[in-house]
Amino acid sequence: AQAVPGALLPADAGDGAVPSPLLRQDEQLELLERLDFVVRNVVELRKEVEELRNSLQQLAVEIVGEVRTHLEETQRVTRRRRFPFFRERSDSTGSSSIYFTASSGNANTDDGESEGGYTTANAESDYDRESERESEDEVSCDTVRTVRRDSLDLVPEDESPLVLDSMLEEGLGQLLEQADRLHSGDERDKREGFQLLLNNKLAYAGQREFLWRLARAHCDMWELTEDADERRSYATEGKEELELALQKWDQSAECHQWFAILCGQLSEQESIPKRIQAGYVFKEHIDKAIALKPQDPQLYYLLGRWCYQVAHLGWLEKRTVSALFEAPPTATVQDALQNFLRVEELSPGFSKAGRVYIAKCYRDLGNASAAVLWMKLASELPGNTKEDAESEKELEEMRSV
């Protein structure tokens, strides 16, 4: 009696009442009609689910076909119009660089201010790529980025997922090559490269080589933007991309390098304690990058800049470091000089700015003859980057002295 709904019992029945084993005829008919209605709906629902599944499988097949057609067309265009690969530059720093302190001022620290600031250096283009842009527009990956890896389960069993993977990898290679060319170009190229990577983020967000280049593009946009809020937005977004990447690819020198740079960019408008904290993070990740890629001159250049600026911290910054940190960062001009000389050892004439810093180090150490020699060597290199142009101004000031 406890297992039977109360509706089947008389209203005045007591606890010991026993339900009737049969329903009235009209109630039985109503119940049968409802059961029949439910069965019909279940059958129709199963048919609709099956149709939907078949439609999704067909859609996946169509997407694979579109991607294949697009990539075949891309290969034909590439064969018809070969792009000249940009040569590796020996006269520029090659990528953005952010250093320890954001204070502005001259090299002389008597007034308590730090030398330099968070500066960037991007290589300029050696080639006019107007004709390339027209061709590269045809090599757009807009179709490829519509295919997500998490949709592979929609491909029918007779379609191999390896086909889709190989097409995505081929498209990624072309995309990275194009992004590298645009990064090495002028302001318009850098903006175009940033937008190109954003457009393809959906398809390649899980690829290490794609992610650090996307972070590098955020650094480019930070340099090209004057508005403080926009700068913070670019640096924050780029840093967040690499925070996730480093959880998976801690052994990537490029991820560590650009994460360090973005931390420095993000802290430019912060208070002195936060800038100093960013300096710790910068040094930590640059050291990891050097351990993973010890033959990269750019990393030693970045470390040299960090050492030089730590050695020239202003009075206020030194007091702040001593008050807030048990182990303040330490570096000398000699440490900076060794890193800059290492750059020249790995890549002679790597950058005009690097040679100017060598001259400054020798000047600070009291070796006037060596300083003059490196000033002369720096003058022999062309100024191809924004940082080179700033170094040329410093070189003129040193000549006047």
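These figures come from a predicted structure and were not determined experimentally.

Trainee: It is not clear to me how the overall build of the chain should be interpreted in this structure. Could you clarify?
Mentor: Each helix and strand in the chain was counted, giving 15 helices and zero strands. For the chain, with 401 residues in total, the buried portion stands at 45%. For the chain, long-range pairs separated by at least 24 residues make up 72% of all intrachain contacts whose partners lie at least 6 apart in sequence. By element, 52% of the accessible surface of the chain is carried by carbon and sulfur atoms, the whole surface being about 21500 Å².

Trainee: Please explain the nonpolar core as it appears in this structure.
Mentor: Across soluble globular proteins, nonpolar side chains have a tendency to be buried as a group. Counting residues in each nonpolar core, the largest one holds 71 residues, and the members touching the most others are Phe210, Leu242 and Ile286. Per element, the largest residue contribution to this core is ten residues, and it comes from helix α6 (residues 208-224). Each residue touching Leu242, except ones within four places of it in the same chain, is listed here: Leu211, Trp212, Ala215, Cys255, Trp258, Phe259 and Leu262.

Trainee: Please clarify how the confidence of the model for the chain should be interpreted in this entry.
Mentor: Low-confidence regions, as indicated by low pLDDT, have predicted coordinates that should not be scrutinised in detail. This prediction gives the chain a mean pLDDT of 76; 70% of its residues lie at or above 70. Between the elements of the chain, mean pLDDT differs from a low of 47, seen in helix α2 (residues 130-138), to a high of 96, seen in helix α12 (residues 333-346). For residues 81-131, every residue scores under 50 in pLDDT, and the model assigns this stretch 187 contacts once sequence neighbours within four places are set aside.

Trainee: For this particular structure, what's the right way to read helix α8 (residues 253-266)?
Mentor: Structural remark: α-helix, 3.6 residues per turn; residues separated by three or four positions point the same way. Here α8 is 14 residues long and its end C-alpha atoms lie 20 Å apart, about the 20 Å a rise of 1.5 Å per residue gives. Most of α8 is tucked away, with 14 of its 14 residues classed as buried.

Trainee: Which parts of the structure should I look at to understand the UniProt feature "coiled-coil region" (unreviewed entry) in the chain?
Mentor: UniProt's entry tags residues 35-62 with the feature "coiled-coil region" (unreviewed entry), counted in the numbering of this structure. Secondary structure over residues 35-62 splits into 100% helix and 0% strand, and the C-alpha atoms at its two ends are 41 Å apart.

Trainee: Any chance you could explain the environment of Arg188 here in plain terms?
Mentor: Its place among the elements puts Arg188 in helix α4 (residues 187-199). Between the alpha carbons of Arg188 and Leu224 there is a distance of 9.8 Å; along the sequence they are 36 residues apart.

Trainee: Could you clarify how one ought to interpret helix α11 (residues 315-324) in this entry?
Mentor: Considered for burial, the residues of α11 that qualify are Glu317, Thr320 and Val321. Down the axis of α11, the sector holding all buried residues measures 100°, keeping them to one side. Among the exposed residues of α11, those pointing more than 90 degrees away from its buried face are Trp315, Arg319, Ser322 and Ala323. As for α11, its buried residues are in contact with α9 (272-292).

Trainee: Hey, could you run me through a nonpolar patch on the surface in this one?
Mentor: Side chains of Leu23, Leu29, Leu31, Leu32 and Leu35 sit close together on the surface and give an oily, nonpolar patch of about 450 Å² of accessible area. Tracing the sequence through the fold places Leu35 in helix α1 (residues 25-80).

Trainee: Could you clarify how one ought to interpret a negative patch on the surface in this entry?
Mentor: The grouping of Glu44, Glu48, Glu50 and Glu51 at the surface amounts to a negative patch. Positionally, Glu48 belongs in helix α1.

Trainee: I tried to follow the pattern of salt bridges on my own but got confused; where do I start?
Mentor: Two side chains carrying opposite charge are able to pair once their charged atoms lie near each other. One pass over the full model with this rule turns up 24 salt bridges. The salt bridge partner of Asp180 is Arg216, with a shortest N-O separation of 2.8 Å. With Asp180 in helix α3 (residues 161-183) and Arg216 in helix α6, this residue pair connects regions lying 36 residues apart in the sequence. Per residue, the accessibility class of Asp180 equals that of Arg216, and both read buried. The partner of Glu254 in a salt bridge is Lys293, and the shortest N-O contact between them spans 3.0 Å. Residue Glu254 is located in helix α8, and its partner Lys293 is located in the loop between α9 and α10 (297-311); the two are separated by 39 residues in the primary sequence.

Reading guide: rules and limits
- Residues numbered from 1 in each chain as written.
- Predicted model: local features only at pLDDT ≥ 70, side-chain atom pairs only at ≥ 80, totals over all residues.
- Heavy atoms only, no water.
- Helix = DSSP H or I, 4+ residues; strand = E, 2+ residues; numbered from the N terminus.
- Buried < 20%, exposed > 50% of the residue type's maximum accessible area, 1.4 Å probe, protein only.
- Contact = heavy atoms within 4.5 Å.
- Areas by Shrake-Rupley, 256 points an atom, 1.4 Å probe, with all protein chains shown as cover.
- Core = buried A, V, L, I, M, F, W, Y, C linked by side-chain atoms within 4.5 Å.
- pLDDT = per-residue confidence, 0-100.
- Expected span 1.5 Å × (residues − 1).
- UniProt positions renumbered as here; feature names shortened; annotations may be inferred.
- Arc of directions from axis to C-beta.
- Patch = residues over 30% accessible without salt bridge, like charges linked within 9 Å, V, L, I, M, F, W, Y side chains within 5 Å.
- Salt bridge = Lys/Arg side-chain N within 4 Å of Asp/Glu carboxyl O.
- Lys, Arg positive; Asp, Glu negative; His and termini not counted.
- Charge placed at Lys NZ, Arg CZ, Asp CG, Glu CD.

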